[in-house]
Structure formats: structure tokens, C-alpha cells
Amino acid sequence: MIGQGMHGFVGNGKVAFDDLNTELANPTDLRVFAIAEALEKGYTIDRIHELTRIDPWFLGKLNNICDYKDKLSAYKTLEEIPADVLREAKILGFSDFQIARIILNPQGNMEKESLQVRARRKELGILPAVKRINTIASEHPELTNYLYMTYAVEGYDVNYYKNEKSVVVLGSGAYRIGSSVEFDWCSVNAVQTARKLGYKSIMINYNPETVSTDYDMCDRLYFDELSFERVLDVIDLE
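Read on for a plain summary of the structure. For clarity, every value in this text was computed on a predicted model and none was experimentally measured.

### Concerning the sheet that holds strand β4 (residues 200–205)
Step number 1: The 5 strands are arranged β1-β2-β5-β4-β3 in an open sheet whose pairing can be described as mixed. Where the open sheet ends on each side, the last strands, each with one partner, are β1 (129–132) and β3 (166–170). For this sheet the average axis-to-axis angle between neighbouring strands, irrespective of direction, equals 30°.
Step number 2: Direction of pairing for strand β2 (residues 146–150) relative to strand β5 (residues 220–223): parallel, over a ladder of 2 bridges. Within β5, the position partnered with Y146 by the bridge is L221.
Step number 3: Across the face of the sheet, helix α9 (residues 228–237) comes into contact with β1, β2, β3, β4 and β5 while running at roughly 110° to β2.

Spelled out as C-alpha cells, the structure:
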């Protein structure tokens, strides 16, 4: 959720640098993508460390993502991918969009392909768990309204039931001077109005500095990414 038009550490389409060593040696908002390109071009972790001074431990974790991208690239259709491979990709943070770009259609319109990945993993029962962020040392865990989704475990920390009167509001997202406060004001008024009208109010936001992420502002609060995939996940459950 960095607002640069990127889709993750890998799977960003045409991202290239004329002088990779210079991009690695000089910190910019795009350097992390230069690291991805360097790893894909065979740079060693030690060489990237020399140029970036980033701790090799972190570079090793980034290299794991590139290695798994290579593993996914070996498959040419979604039907070929074993369930355990697809599940591990989700645990590592690969979005449906990234998986679609790597396997199905590297250059084309990705909406259709992303939904194909979504349909395939739902068919295989690969669904995100919903867990509660513990903010009060488990004293009254049922009172905390901070939820997030993960593929690393299974199960739900909250109960789901069919409710025809629900409204999902998308929060203000990344903090930007001149927009976040105004957007947050709109979000808060939207959930408050929904509650007054008898609707179950559901907020999706990942910016903890906003009023809309106060625990008692809405009926359900997801601290999670504002992406097409995640919004659909919430809608499926709610």
C-alpha cells in the first residue's frame, strides 16, 4: 500500500533501471524494486549488502520471495499448481494479481486473470483466516475490534452470520497531507450514518492514526490492505 502503482516486491511488470548499481547505492523510494531486479539478475546477497548496507538478514528474506516467484513460474496453468504450493504463495504474501501475472498473462489485462486465481484457490479451500489483534493483554479479548487476515493459520476469531443489512466503508489509507483527514472525516460520517440507519458498519483501513480506526467507531474493523482482493475477502465473509 505504498501508492506507487506497484503490486508487491515482485510481479510489477516493466520496472527497469538503467544503472542498477547506482540505484542500489543511493536510497530512493524505488530502491526496494532495484533490489528485486538485482536478485533476479543474479546479484549475490553480499554484493547487494555492499551497495545498500541493508542487513543481509533482510536481504535473505527478500530473496526468498524471488525464489518463490521462480518456483511459481514453472507452472503454466492454474490447474498445474499443487494446493500446498499455492497456499505457501499466499502465506508468503503473493496476491492473486501477482500469481496471475507470474503464471497466466505477464503483460495483459489482469482483472480477469486475478479472478481466475481467486476462483481456483477458493476451489482448493485456500482462504484467509481472520484473527484479532490483542491490544489489552487478553484481559477482555472480546472487546477489541481490531481484525486482520492471514494465511499462516486457520480459523476465525469472530463469528460470522448472514446479514443482509451490512455496509462496507473503505478508509483513508496511506497518510497523505491534504487528503487523509478529509477522507477520514468522510469515512467516520459514513459509518456513523450507517449505524443510525440500522446497518452493520464494517470499516477496512490500515492507517491506525485515523479516527475511523478507533475500536468503537464501527461494528467491525479490519486493519488490512485496501486492495480489490482483500475487499472481496471481507465481502465474502460479511
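### What about helix α7 (residues 110–123)?
Step number 1: In this model, α7 (14 residues) spans 20 Å end to end at C-alpha, consistent with the 20 Å of a helix rising 1.5 Å per residue.
Step number 2: Regarding α7, the residues found buried are M110, E113, S114, V117, R118, R120 and R121. Projected onto a plane normal to the axis of α7, the buried residues spread over an arc of 165° and lie on a single side. Pointing more than 90 degrees away from the buried face of α7 are the exposed residues E111, K112 and E123.

### Some remarks on the side chain of T213
Step number 1: Structurally, T213 can be placed in the loop between β4 and β5.
Step number 2: Assessed through its relative accessible area of 3%, T213 is described here as buried.
Step number 3: From its side chain, T213 meets the backbone oxygen of T210 in a polar contact 2.7 Å long.
Step number 4: Dropping the residues within four chain positions of it, T213 is found in contact with Y146, N205, N207, P208, L221 and F223.

### As for the state of the cysteines
Step number 1: All told, the structure shown has 0 disulfides when counted by the stated rule.
Step number 2: No disulfide involves C218; its sulfur sits 16 Å from the nearest other cysteine sulfur, which is in C186.
Step number 3: Its relative accessible area of 4% is what places C218 among the buried residues.

### A word on unusual backbone geometry
Step number 1: Of note in the backbone geometry, R53 takes a positive phi value of approximately 65° without being a glycine.
Step number 2: Residue position: R53 is located in the loop between α3 (45–52) and α4 (56–73).

### As for the environment of N145
Step number 1: Within the secondary structure, N145 sits in the loop between β1 and β2.
Step number 2: One polar contact links the side chain of N145 to the main-chain carbonyl oxygen of C218, over a distance of 3.0 Å.

### Some remarks on α3
Step number 1: Restricting attention to buried positions, one finds in α3 the residues I48, L51 and T52. Angular distribution of buried residues about the axis of α3 spans 85°; they occupy a single face of the element.
Step number 2: As for α3, its buried residues are in contact with α1 (20–25), α2 (31–40) and α4.

### Here's the deal with the environment of V188
Step number 1: Within the secondary structure, V188 sits in helix α8 (residues 180–196).
Step number 2: In this structure the C-alpha to C-alpha distance between V188 and T210, which are 22 residues apart in sequence, comes to 9.3 Å.

### Some words on the packing of α4 against helix α5 (residues 83–91)
Step number 1: In the contact formed by α4 and α5, the axes pass within 11 Å of each other and the chain directions differ by 150°. Where α4 crosses over α5, the two elements pack in a sense that is left-handed. Residues Y68, K71 and L72 of α4 form the contact with α5, whose own contacting residues are D84, V85, E88 and A89.
Step number 2: Looking at side-chain class alone, the contact of α4 with α5 contains 4 nonpolar, no polar and 3 charged residues.

Definitions and limits used
Residues numbered from 1 in each chain as written. Predicted model: local features only at pLDDT ≥ 70, side-chain atom pairs only at ≥ 80, totals over all residues. Heavy atoms only, no water. Pairing = 2+ DSSP bridges. Helix = DSSP H or I, 4+ residues; strand = E, 2+ residues; numbered from the N terminus. Axes fitted to C-alpha atoms, helices over the stretch in contact; angles between N-to-C directions. Contact = heavy atoms within 4.5 Å. Expected span 1.5 Å × (residues − 1). Buried < 20%, exposed > 50% of the residue type's maximum accessible area, 1.4 Å probe, protein only. Arc of directions from axis to C-beta. Polar contact = N/O pair within 3.5 Å; in protein donor to acceptor, adjacent residues only side chain to side chain. Disulfide = S-S within 2.5 Å. Left-handed = near helix turned anticlockwise from the far one by under 90°. Nonpolar A, V, L, I, M, F, W, Y, C, P; charged D, E, K, R; others polar.

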